[in-house]
Amino acid sequence: MRISTVPIIDSHVHLYPPEVNRDPVAWAAAHGEKHWAELCTRRRRDGRPVQTFPSVDQLLRDMDAAGVAKAVLLGWYWENQATCVGQNRFYADCIRAHPDRLAAFATVQPKAGAPAFEESCRALEDGLTGLGELSPHSQSFALDDPVWRQILTLAAEWKVPVNLHVTDPASKPYPGRVETPLADFTRLAREFPSTNFILAHWGGGLAWSSEAKALANVWFDTAASPLLYGPEVWTKAPSERALFGSDYPLVLYPRTETAPGFGGLLNEAKQAGVTDAVLGGNAAGLFGW
Ligand SMILES: [Zn+2]
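Read on for a plain summary of the structure. (Residues numbered from 1 in each chain as written. Predicted model: local features only at pLDDT ≥ 70, side-chain atom pairs only at ≥ 80, totals over all residues. Heavy atoms only, no water.)

1. Details of the packing of aromatic side chains
- Enumeration according to the criterion identifies 18 aromatic pairs in this entry.
- Taking 5.8 Å as the distance between ring centres and 35° as the angle between the ring planes, the aromatic pair formed by Phe90 and Tyr91 counts as tilted.
- The exposure class assigned to Tyr91 is buried, which follows from its relative accessible area of 0%.
- Seen in terms of ring centroids, Tyr248 and Phe262 are 4.8 Å apart; in terms of plane orientation they differ by 10°. Their pairing is stacked. Taken as a pair, Tyr248 in the loop between strand E8 (242-243) and helix H13 (263-271) and Phe262 in the loop between E8 and H13 lie far apart in primary sequence, 14 residues in all.
- Put simply, the rings of Tyr16, Trp27, Trp36, Phe53, Trp76, Tyr77 and Trp78 pair up and form one aromatic cluster.
- A cation over a ring is seen here: Lys70 above Trp289, with NZ or CZ 4.2 Å from the ring centre. (Phe/Tyr/Trp six-rings, centres within 6.5 Å; stacked < 30°, edge-to-face > 60°. Buried < 20%, exposed > 50% of the residue type's maximum accessible area, 1.4 Å probe, protein only. Helix = DSSP H or I, 4+ residues; strand = E, 2+ residues; numbered from the N terminus. Lys NZ or Arg CZ within 6 Å of the ring centre and 35° of its normal.)

2. So, the pairing of strand E2 (residues 68-73)
- Here E2 lies mainly inside the structure; five of its six residues are buried.
- Sheet analysis places strand E1 (residues 8-13) next to E2, joined by four bridges and oriented parallel. Residue Asp10 lies in a different strand from E2, and its bridge partner there is Ala71.
- Where E2 and strand E3 (residues 102-104) come together, three bridges link them in parallel fashion. Opposite Val72, over in E3, you have Ala103 as the bridge partner. (Pairing = 2+ DSSP bridges.)

3. As for the coordination of the zinc ion
- Here the zinc ion is held by His12 (NE2), His14 (NE2), Glu133 (OE) and Asp247 (OD), and the distances to it run 2.0 to 2.5 Å.
- With four donor atoms in place around the zinc ion and angles of 83 to 171° between them, the coordination shape is irregular.
- The sequence motif formed by the donor residues of the zinc ion is H-x1-H-x118-E-x113-D. Taken together, the residues His12 in strand E1 and Asp247 in the loop between E8 and H13 connect sequence positions 235 residues apart.
- Look at His12 and you get buried, because its relative accessible area is 0%. (Donors = N, O, S within 2.8 Å, 3.2 Å for Na, K, Ca; no water. Tetrahedral: all angles 85-135°; square planar, octahedral: opposite > 155°, others 65-115°.)

4. Details of the sheet that holds strand E4 (residues 131-134)
- Overall, parallel pairing links the five strands, which are arranged E4-E5-E6-E7-E8 in an open sheet. Of all the strands in the sheet, the pair left with one neighbour each is E4 and E8.
- Relative to strand E6 (residues 197-199), strand E5 (residues 162-164) runs parallel, the two being bridged by three bridges. Residue pairing for E6: Asn163 is matched across the bridge by Ile198.
- Strand contacts of helix H8 (residues 146-158): E4, E5 and E6, with the helix running at about 130° to E5, the strand carrying the most contacts.
- Each of E5, E6 and strand E7 (218-221) touches helix H9 (residues 182-191); the most contacted strand, E6, lies at about 165° to it. (Contact = heavy atoms within 4.5 Å. Axes fitted to C-alpha atoms, helices over the stretch in contact; angles between N-to-C directions.)

Rendered as structure tokens:
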């Protein structure tokens, strides 16, 4: 296995405030976040949870254990704007406390109208360095929503990327799965050429399509890869466009692991022969670090 020489950056990590972690199911019911609860609090057929709810300190310990230098905390495609605001404030605290190890993206619900745009501005002024993980399809707003388009223009002005959740149309169904037509993402990338997009989960397969090569403003993260694809995908996508990302605290190897972590995915990536660019170089360039 090759030894990496760049600082390793995980571009796709989720974390939640302590009040969510204490009782995720009750919290989701009280805050009207049904879709999140379906995806994040479910258990596999054998009864084990699909993910755990680690604290910031646990995340840092897991990063240290695997040699991950920096993690990008992504928000969630929340249904309610109030939840987005709470997550953004929590993330602002996280990056203030650990500026050398953590960066964070803001989340918004464009259906909220002007407050969603104002919140995007506030979060970026607070030091958050992108927007996402958002999903027009799960948050049920139109690609033509005027506030959404205003937010994408804001991202271009601030030169911060927008991470979008993408599902492979050919992948097997899982509870809570929502269809995300790939043409919607290529359309947004073409309509907003000055906005940089990160399409999560290998862009649902767009990463290795011929279309992707023509889109100079699109990157792809590798989040949840082992749950979706075999190790051959690591070298299938153009290496200058791929960003190492785990989807921590999702358990990525449920057959052999019971807790989330970064080591298994890093081993898989290195064994597949990924470049240092994928492990951290591309992210450092995209985020201007
Ligand atoms: Zn994610």
